[in-house]
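Coordinates in review
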Amino acid sequence: MSAAIPLPVVSTFPWTVSLGGMESTAMSAIFASHAATPNSSGTPRIATNGAPSLGDTNFAITAEGLLPNSSAVAVLGFAPFTPPLNLAAAGAQPGSELYVVGALGLTMAANGSGAGSLPIGVPADPNLDNQSLYVQIIQFDPSLSFPLPICQSEGMRLTFGQ
């Protein structure tokens, strides 16, 4: 197993659940070297609906500030770009960075308020304990006046626990 890469943490969402004297190690942390970049109606924010605990079949990645009644892509990977990939150099708005070395992109639908949820469920596999998954939301917005008209959330690290 490789050593963890230190990242600047903007905010953390730890959950401690005590079960018979044992505490959960599950947590999610939002990290970024820059803030999320806005779309034409708000700024995407990434979160979760709870701790990424092993066996939680209802676990979901959530977002707010997306374009209403649209879709976005949740980029998932097992490592962060260090340093983040500068998307502004490719024509995106200033401050646009890709934080996740993407292994998979999944579509997230946004409702009329610009909120979305992507259920991913966490298997009850003990091999996942203390393993991390990195996630970032990216959305195409044709109203933006940049050659690459995208906005993005901060990056998020999920550490699975019991």
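Residues numbered from 1 in each chain as written. Predicted model: local features only at pLDDT ≥ 70, side-chain atom pairs only at ≥ 80, totals over all residues. Heavy atoms only, no water.

What to know about the environment of leucine 67
Among the structural elements, leucine 67 can be located in the loop between β6 (60-64) and β7 (71-77). You can call leucine 67 buried: its relative accessible area is 13%. Separated by 29 residues in the primary sequence, leucine 67 and proline 38 place their C-alpha atoms 10.0 Å from one another. Non-local contacts of leucine 67, meaning those with residues more than four positions away in its chain, are made with Asn39, Ser40, Ser41, Ala110, Gly114, Gln139, Phe140 and Asp141. (Helix = DSSP H or I, 4+ residues; strand = E, 2+ residues; numbered from the N terminus. Buried < 20%, exposed > 50% of the residue type's maximum accessible area, 1.4 Å probe, protein only. Contact = heavy atoms within 4.5 Å.)

Considerations on the nonpolar core
One finds Ile61, Leu66, Met108, Val135 and Ile137 to be the most contacted residues of the largest nonpolar core, which totals 19 residues. Residue assignment for this core shows that the elements contributing at least two residues are β6, β7, β12 (132-140) and β13 (150-159). Sequence-distant contacts of isoleucine 137, defined by excluding residues within four places in its chain, comprise Ile46, Ala63, Leu66, Ala72, Val73, Ala74, Met108, Cys151, Gln152 and Ser153. One finds Val75, Ala92, Tyr134 and Ile138 within the second-largest nonpolar core, a separate group that totals 9 residues. (Core = buried A, V, L, I, M, F, W, Y, C linked by side-chain atoms within 4.5 Å.)

What to know about the pairing of β12
Counting buried positions along β12 yields 7 of 9 residues, so the element is predominantly enclosed. By the bridge criterion, 5 bridges tie β7 to β12 in an arrangement that is antiparallel. Bridging from a neighbouring strand, leucine 76 pairs with valine 135 of β12. By the bridge criterion, 8 bridges tie β12 to β13 in an arrangement that is antiparallel. In the strand pairing of β13, tyrosine 134 is matched with arginine 157. (Pairing = 2+ DSSP bridges.)

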